[in-house]
Amino acid sequence: MRDHHSPYREHGDGRDGFEKRPGRERGGRGPRVFAPGDLKLLLLALIAEQPCHGYDLIRQIEGMFDGAYSPSPGVIYPTLTFLEESEMIQGDAEGGKKRYCVTDAGRQSLAEQAVALEGVRVRIDVSKRSLRGHDRPPEIHEAVHNLRHALQLHHGRWSTEEIRRVATLLNDTAKAIVDGPAVQAAQEKAE
């Protein structure tokens, strides 16, 4: 068994504070899924297809992402309230739960935003691949998480020298990723 403080551990084993957490970016909240206005338009379209409850909408969206993302009630219900107050949908309480259906104004809005709705569906497909790790291999997700964790370990204690050192490391790494192996090989040959 390795010493708890050994620097020679594999990343991702959880004992060093670096854990495998694919898809978790932006301070632990995960990557952004919807652009501004996308959720409103999507909910309106789903309700137009079939009247339903807020919980049903959450499950439908989760299904669109193959379970890789599920919107929280704290996002869905305020958006439904906005759509209802905008008279795009109407909620009827049945058994204590609101069942939403689209209004004529909502149908008109959907007709006017057909191209935008198609864009939302395309962005959902892109987000789904990203959330499931298709855009980056799991090892890269883990490495990004490890980098974020390492930066957070400073707790705001940045000296001028440390700022320069870390900025240089990060900028050099970013440049090396963009340049790729072909450019690096050419540079080494030139030296």
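None of the values given here were measured: they were computed from a predicted structure.

Rules of the game
Residues numbered from 1 in each chain as written. Predicted model: local features only at pLDDT ≥ 70, side-chain atom pairs only at ≥ 80, totals over all residues. Heavy atoms only, no water. Buried < 20%, exposed > 50% of the residue type's maximum accessible area, 1.4 Å probe, protein only. Helix = DSSP H or I, 4+ residues; strand = E, 2+ residues; numbered from the N terminus. Arc of directions from axis to C-beta. Phe/Tyr/Trp six-rings, centres within 6.5 Å; stacked < 30°, edge-to-face > 60°. Lys NZ or Arg CZ within 6 Å of the ring centre and 35° of its normal.

Asks: What exactly am I supposed to notice about helix H2 (residues 54-64) here?
Replies: Residues Gly54, Leu57, Ile58, Ile61 and Met64 constitute the buried set of H2. Down the axis of H2, the buried set is contained in an arc of 120 degrees. They therefore lie on one face. Positive backbone phi, approximately 55 degrees, marks aspartate 66, located one or two places after H2.

Asks: I'm lost on the packing of aromatic side chains in this one. Help?
Replies: The relative placement of two aromatic rings is captured by the distance of their centres and the angle of their planes. One pass over the full model with this rule turns up 3 aromatic pairs. Look at phenylalanine 65 and tyrosine 69: their rings are 5.1 Å apart centre to centre, the planes differ by 70 degrees, and that puts the pair in the edge-to-face class. Three or more aromatic residues joined by ring pairs form one cluster here, namely Phe34, Phe65 and Tyr69. Across from the ring centre of phenylalanine 82, 4.5 Å away, lies the NZ or CZ of lysine 40, which sits over that ring.

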